[in-house]
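Understanding the architecture of this molecule
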Amino acid sequence: MYSTVLALHSLFRWFVLISLCYAIYRAYSGYVNKYEFSMLDNKVRHWTATIAHIQLILGILVYIKSPIIQYYFSDFKNLISDWDFTFFGLIHFALMISAVVIITIGSAKAKRKKTDPEKFKTILVTYAIALFIIFIAIPWPFSPLANRPYIRPF
Ligand code: HEM
């Protein structure tokens, strides 16, 4: 169970990143070129937030099942000073939840905005902030914070 959910969580990052980049590109292009906020723009807004929510659920499942997290909380006082444990136990968790909250707020606010430029701008700003946070909090093989592979086999 744990290894399957971890592999899914690892794979799903790519959907999160691709959908965010595409949504940001469409929002930027729509805002700058004063396009109409189309049905497709609305679907992209919605699906980007949904993909982020699925990744959040996978992350929570990984968090509950992870032997790293279980060990971390079994000896929290000593391990809080160990960066590798604290990264996944607190930092990754807090940054990713913040990013998903920002996406959720951005998506909901954009939906309620009255004009098309306002919709594009809200998506552009909130999704770009979230993408920045997510990019930093992913344990890339090149990250100075923590390292995991690009793809984890099932
Ligand atoms: C957009 C949101 C997120 C992205 C893109 C993301 C991405 C990743 C990636 C790429 C890994 C490395 C997977 C591997 O070892 O191959 C990872 C690990 C992990 N993630 Fe996330 N994550 C997100 C949200 C969350 C959330 C919200 C939680 C907790 C509630 C979480 C908990 C964890 C844990 C505990 C690990 C390490 C598991 C272990 O090695 O035992 N993630 N995450």
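Preceding block: the structure.
Report on the accompanying structure. What you are looking at is a predicted structure, and each value in this text was computed from that prediction instead of being measured.

1. Some thoughts on the packing of helix α1 (residues 2-32) against helix α6 (residues 116-137)
Packing of α1 against α6 leaves a shortest axis separation of 8 Å and a crossing angle of 145°. Our pair here, α1 against α6, has a crossing hand that is left-handed. Taking contact as the criterion, the partners of Val16, Leu20, Ala23, Ile24, Ala27, Tyr28, Gly30 and Tyr31 in α1 are, on α6, Pro117, Phe120, Lys121, Ile123, Leu124, Tyr127, Ala128, Ala130, Leu131 and Ile134. Residues that form the contact of α1 with α6 fall into these classes: 16 nonpolar, one polar and one charged.

2. With respect to the site of the ligand
The local shell around the ligand holds 28 residues, among which Ser10, Gly59, Ser66, Met96 and Arg148 are the closest. Listed by contribution, the elements that provide at least two residues to the shell around the ligand are α1, α2 (39-65), α3 (67-74) and α5 (83-112). Among the residues forming the shell around the ligand, the class breakdown is 19 nonpolar, six polar and three charged.

3. Quick word on unusual backbone geometry
Positive phi is not limited to glycine here, since Lys34 has a value of about 55°. Take Lys34: it is sitting in the loop between α1 and α2.

4. Structural notes on the nonpolar core
Among the nonpolar cores identified, the biggest contains 23 residues, and Ala27, Ile103 and Tyr127 are the most heavily contacted of them. The set of elements that each furnish at least two residues to this core consists of α1, α2, α5 and α6. Sorting elements by how many residues they give to this core places α6 first, with seven residues. If we skip the residues at most four places from it in the chain, Tyr127 touches Leu20, Ala23, Ile24, Ala27, Thr48, Ile103 and Gly106.

5. Focus: the environment of Pro153
Of note, Pro153 is situated in the segment after α6. Through-space distance from the C-alpha of Pro153 to that of Leu8 is 9.3 Å; in sequence the pair is 145 residues apart.

Rules behind the numbers
- Residues numbered from 1 in each chain as written.
- Predicted model: local features only at pLDDT ≥ 70, side-chain atom pairs only at ≥ 80, totals over all residues.
- Axes fitted to C-alpha atoms, helices over the stretch in contact; angles between N-to-C directions.
- Helix = DSSP H or I, 4+ residues; strand = E, 2+ residues; numbered from the N terminus.
- Left-handed = near helix turned anticlockwise from the far one by under 90°.
- Contact = placed C-beta atoms within 7 Å.
- Nonpolar A, V, L, I, M, F, W, Y, C, P; charged D, E, K, R; others polar.
- Near = placed C-beta within 6 Å.
- Core = buried A, V, L, I, M, F, W, Y, C linked by C-beta atoms within 7 Å.
- Buried ≥ 20, exposed ≤ 12 C-beta atoms within 10 Å, placed from the backbone.

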